[in-house]
Amino acid sequence: MSTPPDGLNGLLAPLSVGTRAPELALLQAPNSVLGLRGFVNHAVILAFYPMDWEPVSREQLTLYQSYADAFDRLSARLLGISVDHVHCHEAFARDAQLRFPLLADFQPRGLVARRYGVYREAQGVSARALFVLDAKHVIRFGKMYPDQLNPRVDDLLTTLETLAAGDKPMGKR
């Protein structure tokens, strides 16, 4: 039995800078759905990560929490997305003291990650990837990172500062 490839020809294919971001509607709590439409006139950071409780994901997301004020000053909203169930997200967010939404790309598993080109079919998880969307939800930054690497905040802040200044970022780095 062969393993299905990730993306095209076994490679992931993240959406390109300049592409309009696909709408998403995911559970953030058992009876609460959150989508991009709820973020009118705000930049949006989509932080795809493999799974809750994984050490690098925890380090990454707690770092982002510590920059919440900076993101807010730049009129950006942060959304974490993984294939974990909403109840897992609730426990993880409580334990890690995260106050931004963690969205459950759970059923059908990885549907949104697939739309963004960052779902790892063989592992059943999202790749570690960041997208910054402008206020009109056009992708202005997009990059995948190795699972073992915490992407930090530099690329996010640089892109958001450029958007706040009214310029368009150059794209992938």
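Our structure's up above, just so we're on the same page.
These notes cover the structure that comes with them. Because the structure is predicted, anything quoted here is derived from the model rather than measured. (Residues numbered from 1 in each chain as written. Predicted model: local features only at pLDDT ≥ 70, side-chain atom pairs only at ≥ 80, totals over all residues. Heavy atoms only, no water.)

1. What about the side chain of Gln65?
What counts is decided by this rule: Only DSSP runs of H or I with at least four residues qualify as helices, and only runs of E with at least two residues qualify as strands; both kinds are numbered from the N terminus onward. Buried residues are those whose accessible area, probed at 1.4 Å on protein chains only, stays under 20% of the maximum for their type, while exposed residues exceed 50% and partly exposed ones sit between those limits. Nitrogen and oxygen atoms within 3.5 Å of one another constitute a polar contact, given that in protein one can donate a hydrogen and the other can accept it, and given that sequence-neighbouring residues count only through two side-chain atoms. In what follows, a contact means two residues having at least one pair of non-hydrogen atoms within 4.5 Å.
Mapping Gln65 onto the fold places it in helix α1 (residues 55-66). The exposure class assigned to Gln65 is buried, which follows from its relative accessible area of 11%. A polar side-chain atom of Gln65 sits 2.7 Å from the main-chain amide nitrogen of Arg99. Discounting chain neighbours no more than four positions away, the residues touching Gln65 are Gln97, Leu98, Arg99 and Phe100.

2. Overview of unusual backbone geometry
Note that the residue after Gln107, namely Pro108, is joined by a cis bond; omega there is -5 degrees. The residue Pro108 is located in the loop between β5 (102-104) and α4 (111-115) in this model. Even without a glycine there, the phi angle at Asn41 is positive, about 65 degrees. Within the secondary structure, Asn41 sits in the loop between β2 (32-35) and β3 (43-48). Phi is positive for Ser75, which is not a glycine, with a value near 55 degrees. Residue position: Ser75 is located in the loop between α2 (68-73) and β4 (76-82).

3. Quick look at the pattern of salt bridges
What counts here: Salt bridge, as used here, is a side-chain nitrogen of Lys or Arg placed within 4 Å of a carboxyl oxygen of Asp or Glu.
Enumeration according to the criterion identifies eight salt bridges in this entry. Between Asp95 and Arg58 there is a salt bridge, with its nearest N and O atoms 2.8 Å apart. Taken together, the positions of Asp95 in helix α3 (residues 86-96) and Arg58 in helix α1 put the pair 37 residues apart, joining distant regions of the chain. The class of Asp95 is partly exposed, set by a relative accessible area of 43%. As a salt-bridge pair, Arg120 and Asp147 come within 2.7 Å of each other at their nearest N and O atoms.

4. Looking at the packing of aromatic side chains
Put simply, the rule reads: Any two of the Phe, Tyr and Trp rings considered here, Trp counted by its six-membered ring, make a pair once their centres fall within 6.5 Å; the pair's planes then place it as stacked at under 30 degrees, edge-to-face at over 60, or tilted in between.
Evaluation of the coordinates by the stated rule reveals five aromatic pairs. For the pair Trp53 and Phe92, a centre-to-centre distance of 5.3 Å together with 70 degrees between the ring planes defines the contact as edge-to-face. With Trp53 in the loop between β3 and α1 and Phe92 in helix α3, this pair connects stretches of sequence that are 39 residues apart. For Phe92, a relative accessible area of 0% corresponds to the buried category. Note on Tyr64 and Phe71: the rings are 6.4 Å apart at their centroids and 75 degrees apart in plane angle, and the pair reads as edge-to-face. By the burial criterion, Tyr64 is buried, and Phe71 matches it. Members of the aromatic cluster, connected to one another through ring pairs, are Phe48, Tyr116 and Phe131.

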